[in-house]
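A structural walkthrough
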Protein chains: 2
Amino acid sequence: MLHNPNTMIADSIIDSTIRDIFGNIAFQAQPEGLYDPLRYMISIGGKRIRPRLCLTTYGIYKNSLGPEILEPAAGLEVFHTFTLIHDDIMDHSPLRRGHDTVWKKWSEDTAILSGDVMCIDAYKRIAQAPASVLPEVLHLFSKTASEVCDGQQMDMEFEDRDMVSMDEYMQMIGLKTGVLLACSSALGAIIGGADPQARKCLYDYGYLLGLAFQVADDYLDAYGDEKVFGKPIGGDIVNGKKSWLTVRAYEKGAEGLLEAFSAHDIAPEEKIAAVKRIYDSVGIVDEARAEIHRLSEKAIAKAAEAGIDAAALSQLADFAHSLLGRSY
Amino acid sequence: MLHNPNTMIADSIIDSTIRDIFGNIAFQAQPEGLYDPLRYMISIGGKRIRPRLCLTTYGIYKNSLGPEILEPAAGLEVFHTFTLIHDDIMDHSPLRRGHDTVWKKWSEDTAILSGDVMCIDAYKRIAQAPASVLPEVLHLFSKTASEVCDGQQMDMEFEDRDMVSMDEYMQMIGLKTGVLLACSSALGAIIGGADPQARKCLYDYGYLLGLAFQVADDYLDAYGDEKVFGKPIGGDIVNGKKSWLTVRAYEKGAEGLLEAFSAHDIAPEEKIAAVKRIYDSVGIVDEARAEIHRLSEKAIAKAAEAGIDAAALSQLADFAHSLLGRSY
């Protein structure tokens with residue numbers, strides 16, 4: 001139990017708590033072949049955005065961190081990691097955070113079954129929420145979990161289509177990324193004892209932050225710094241994966257986009273350069289930055305409706321800026 | 001809400017309730033590509049053993065069936081069906097209950113993601129248990145769910161070994177089959193309001209019944225009637241899949257077993273005949289029948305320690321006999 005003299009829990013305490021949770025997270029020892037992939041996936045890192053957000057909103061209402069929030073917060077990261085293991089099979093991705101993916105390192109069968117048991121492990125942790133709010137916590141978590149699957153399904157269905165509308169695209173990233181950040185933000189509030197209005201506003205804050213984060217990820221995939229981004233730049237373009245940039249450029253009538261985007265008989269660097277020239281021709285960089293900024297400000301405005309004090313609101317604004325700071 | 005004048009709920013009411021639950025079970029409509037496989041898997045049938053057992057033990061304590069038990073009971077079947085979808089990918093099984101498996105009918109990606117969302121759907125239903133027992137229900141269900149994965153992992157690891165011991169085999173089927181029947185039986189008792197001693201005994205009753213059921217399944221796979229069993233006889237032998245029969249025959253020192261069992265350059269019917277001759281040489285039919293009988297009687301003896309009345313005990317004995325009646 002960590003204690004903090006103020007109502008809010010300082011970022012430095014959240015940082016050290018997050019390091020502690022994931023440095024010491026325990027999964028069942030046996031059968032090793034089933035649980036080693038879980039330990040591996042947690043060990044290769046990640047920004048732990050979801051548990052960090054959950055602890056941050058919880059800290060607005062409580063000044064100490066016990067298992068009733070630490071376990072659910074860890075469960076959010078465990079659930080997210082489960083989806084990565086299964087997504088990597090479906091997307092045939094060999095690398096994740098610079099390391100072999102589970103199906104690549106072990107096998108597809110291992111990735112399926114280890115993913116399954118990781119989803120169940122997430123539920124074990126979520127179920128450590130206080131009994132008084134457990135039905136509400138579970139309802140929101142399960143609703144979110146199935147929405148994340150809906151989002152992955154939409155994403156896969158989009159691959160078979162020439163183009164999708166911006167509405168469809170935003171709905172997909174809302175499901176695939178937005179709802180889990182929303183749920184993380186709301187769970188901290190629910191377990192912390194926030195009133196219904198605050199829960200709703202903090203849910204919306206997380207959702208909008210998730211949208212901004214995904215647009216930023218799409219932007220950095222094409223225009224980021226490889227060292228900071230952690231994977232080769234241009235991956236979406238090379239793989240013909242529709243992103244916010246593609247959908248927006250198409251919406252703006254960028255000439256030759258579909259042809260350049262679906263080209264197969266061309267070197268990767270040339271394809272990246274060709275598509276980025278088209279993006280640039282319709283001013284996509286400024287558009288994307290403006291959209292990330294707009295969504296981020298909208299998220300913070302939602303948080304401002306939660307009836308929280310100025311220091312808490314400032315902490316949530318800092319969270320948004322630090323999450324998105326590198327991209328706009 | 002169905003009402004029954006007696007404390008116990010009659011088998012005929014349970015039968016009609018089960019038909020009603022799975023004839024009208026609702027999954028989300030969209031995206032169709034994600035949820036159609038769930039509807040399909042439920043529609044191709046199954047004996048609904050787990051929800052039936054759950055309603056039966058619940059009926060010992062309560063005389064009406066409301067959503068607080070119907071939803072968790074359905075969740076047990078939904079969870080079991082999720083494991084079948086993923087197991088069928090890992091086992092490369094093209095057929096299930098005489099129909100194409102999900103990966104065969106759609107794709108592996110669809111089977112992975114539809115399985116995932118079906119596991120989450122199971123949790124949504126389990127979470128409808130009354131708030132007063134929800135922490136206990138969830139704890140048992142999640143523990144069980146991860147044990148089922150442990151069992152599948154052991155089963156896959158056994159494939160790479162020449163032989164396993166009877167202890168190892170019983171542990172594997174206990175995890176893969178026993179614990180979910182145990183959980184089904186115990187959840188009915190917990191939600192029905194049974195005392196801790198009864199919960200424990202009814203858990204053990206379900207566990208032992210699960211072991212008996214799996215040994216019976218192994219027996220019928222080699223010696224059953226194809227029309228009753230629902231799939232070709234000898235499948236385990238043809239696929240070199242270790243069963244109770246193999247492990248017991250090996251334990252009894254059956255000569256030539258490993259060679260006959262691992263033969264690849266032989267017609268399926270000949271391999272089946274050769275392995276069954278070896279089984280017969282050590283009297284496996286009588287051994288298997290005696291073991292099914294022993295486990296079934298042990299299950300009923302456990303139920304007798306639950307402090308339930310004679311009529312309820314008789315209903316649980318009937319359940320065991322009707323589940324296993326065809327096999328010994």
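Helix and strand counts for chain A come out as 16 helices and four strands. For chain A, whose C-alpha radius of gyration is 20 Å, the value lies close to the compact-globule estimate of 20 Å for 328 residues. Taking the principal axes of the C-alpha coordinates as reference, chain A spans close to 60 × 50 × 35 Å. Counting contacts in chain A only where the partners sit at least 6 residues apart, residues at least 24 apart contribute 73% of the total. Approximately 13,000 Å² of chain A is accessible, and the part contributed by carbon and sulfur atoms is 51%. Charged side chains in chain A number 32 positive and 48 negative. The centres of these two groups are separated by 3 Å.

This part covers the packing of helix α9 (residues 196–223) of chain B against helix α16 (residues 310–324) of chain B. Residue and element names in this part refer to chain B. In contact at an axis separation of 10 Å, α9 and α16 are set at 15 degrees when each is read in the N-to-C sense. Taken together, the axes of α9 and α16 lie roughly parallel to each other. You can see that α9 and α16 cross each other, and the crossing is right-handed. Here α9 contributes L202, Y205, L209, A212, F213 and A216 to the contact with α16, which in turn contributes L316, F319, A320, L323 and L324.

Attention now moves to the interface of chain B and chain A. You'll often see interface size given as the accessible area lost when the parts meet. Between chain B and chain A, the contact holds 36 residues from the first and 36 residues from the second. Taken together, the links from chain B to chain A amount to zero salt bridges. The tally of links from chain B across to chain A stands at eight residue pairs in polar contact (both at pLDDT 80 or more). Of all elements in the fold, only α2 (32–43), α4 (67–90), α6 (108–126) and α7 (134–159) of chain B reach the threshold of two or more residues within the side of chain B that touches chain A. Here the side of chain B that touches chain A gets 13 residues from one element, more than from any other, and that element is α7(B). Partitioned by chemical class, the residues of the side of chain B that touches chain A number 21 nonpolar, eight polar and seven charged.

Once that is clear, we can look at the nonpolar core. Among the nonpolar cores identified, the biggest contains 123 residues, and A:F79, A:L187, B:F79 and B:L187 are the most heavily contacted of them. Excluding residues that lie within four positions of it along the chain, A:L187 makes contacts with A:C54, A:L76, A:I126, A:V137, A:L140 and A:G192. Grouped together as the second largest cluster of nonpolar side chains are 64 residues, A:A194, A:Y219, A:Y223 and A:F319 included.

The subject of this paragraph is the relation of the copies chain B and chain A. Turning chain B through 180 degrees and shifting it by 0.0 Å along the axis lays it on chain A, with an RMSD of 0.0 Å. Given the turn and translation reported, the copies of this chain are related as if by a two-fold rotation axis. Taken as a fraction of all interface residues of chain B, those also at the interface in chain A reach 100%, which identifies the copy contact as same-surface.

Mean pLDDT over chain A works out to 94, with 97% of the residues at or above the 70 mark. Scoring the predicted complex yields pTM 0.95 and, for the interface, ipTM 0.95.

To continue, consider helix α7 (residues 134–159) of chain A. Along an α-helix, residues three or four apart share an orientation, since each turn contains 3.6 residues. The end-to-end C-alpha distance of α7(A), which contains 26 residues, comes to 38 Å, matching closely the 38 Å that a straight helix rising 1.5 Å per residue would cover. Across the 26 residues that make up α7(A), a large majority, 20, are buried.

Applying the stated criterion to the full structure yields 36 salt bridges over all chains. In this structure, A:D36 and A:R39 form a salt bridge, with 3.1 Å as the shortest nitrogen-oxygen distance. With A:D36 and A:R39 both in helix α2 (residues 32–43), this residue pair falls three residues apart, about one helical turn. A salt bridge links B:D155 to B:K241, with the shortest nitrogen-to-oxygen separation between them at 2.9 Å. With B:D155 in helix α7 and B:K241 in the loop between α11 (235–238) and α12 (244–251), this residue pair connects regions lying 86 residues apart in the sequence. The exposure class of B:D155 is buried, given its relative accessible area of 7%. Residue classification places B:K241 among the partly exposed residues on the basis of a relative accessible area of 27%.

Looking now at helix α1 (residues 11–23) of chain B. Residue and element names in this part refer to chain B. The end-to-end C-alpha distance of α1 is 18 Å, a good match for the 18 Å that 13 residues give at a rise of 1.5 Å each. Along α1, the residues classified as buried are I14, T17, I18, I21 and F22. Take α1 and look down its axis: the buried residues cluster within an arc of 115 degrees, on one side only. Of the residues in α1, the exposed ones pointing more than 90 degrees away from the buried face are S12, R19 and G23.

As a further point, take the packing of aromatic side chains. In the structure shown here, the tally under the stated rule is 11 aromatic pairs over all chains. Aromatic pair B:Y123 and B:F141: ring centres 5.0 Å apart, planes at 80 degrees, arrangement edge-to-face. Separated by 18 residues along the polypeptide, B:Y123 in helix α6 and B:F141 in helix α7 bring together distant segments of the chain. The exposure class assigned to B:Y123 is buried, which follows from its relative accessible area of 1%. Connected via pairs of aromatic rings, a cluster forms that spans A:F79, A:F82, A:Y123, A:F141, B:F79, B:F82, B:Y123 and B:F141. Its end group placed over the ring of A:W106, A:K105 keeps NZ or CZ at 5.5 Å from the ring centre.

The next point concerns the environment of A:R19. Residues and elements named next belong to chain A. Residue placement: R19 occurs in helix α1 (residues 11–23). Residue R19 is classed as exposed on the basis of its relative accessible area, which comes to 59%. Considering only alpha carbons, one finds R19 and R48, 29 residues apart in sequence, at a separation of 9.3 Å.

With that settled, consider the state of the cysteines. Enumeration according to the criterion identifies zero disulfides over all chains in this entry. Considering cysteine sulfurs only, B:C183 is the nearest to B:C201, which forms no disulfide, with 17 Å between them.

Here we take up a negative patch on the surface. Taken together, the side chains of A:E32, B:D91, B:E157, B:E159 and B:D160 present a region of like negative charge at the surface. Within the fold, A:E32 resides in helix α2.

So, on to the side chain of B:D150. Considering the arrangement of structural elements, one finds B:D150 in helix α7. The charged side chain of B:D150 is buried without a salt bridge, its nearest counter-charge being A:K124 at 7.1 Å.

Thresholds applied
Residues numbered from 1 in each chain as written. Chains lettered and ligands numbered in written order. Predicted model: local features only at pLDDT ≥ 70, side-chain atom pairs only at ≥ 80, totals over all residues. Heavy atoms only, no water. Helix = DSSP H or I, 4+ residues; strand = E, 2+ residues; numbered from the N terminus. Rg over C-alpha atoms; globule rule 2.2 N^0.38 Å. Contact = heavy atoms within 4.5 Å. Areas by Shrake-Rupley, 256 points an atom, 1.4 Å probe, with all protein chains shown as cover. Lys, Arg positive; Asp, Glu negative; His and termini not counted. Charge placed at Lys NZ, Arg CZ, Asp CG, Glu CD. Axes fitted to C-alpha atoms, helices over the stretch in contact; angles between N-to-C directions. Parallel < 35°, antiparallel > 145°, perpendicular 65-115°, else oblique. Left-handed = near helix turned anticlockwise from the far one by under 90°. Salt bridge = Lys/Arg side-chain N within 4 Å of Asp/Glu carboxyl O. Polar contact = N/O pair within 3.5 Å; in protein donor to acceptor, adjacent residues only side chain to side chain. Nonpolar A, V, L, I, M, F, W, Y, C, P; charged D, E, K, R; others polar. Core = buried A, V, L, I, M, F, W, Y, C linked by side-chain atoms within 4.5 Å. Buried < 20%, exposed > 50% of the residue type's maximum accessible area, 1.4 Å probe, protein only. Least-squares fit on C-alpha atoms with pLDDT ≥ 70 in both. pLDDT = per-residue confidence, 0-100. Expected span 1.5 Å × (residues − 1). Arc of directions from axis to C-beta. Phe/Tyr/Trp six-rings, centres within 6.5 Å; stacked < 30°, edge-to-face > 60°. Lys NZ or Arg CZ within 6 Å of the ring centre and 35° of its normal. Disulfide = S-S within 2.5 Å. Patch = residues over 30% accessible without salt bridge, like charges linked within 9 Å, V, L, I, M, F, W, Y side chains within 5 Å.

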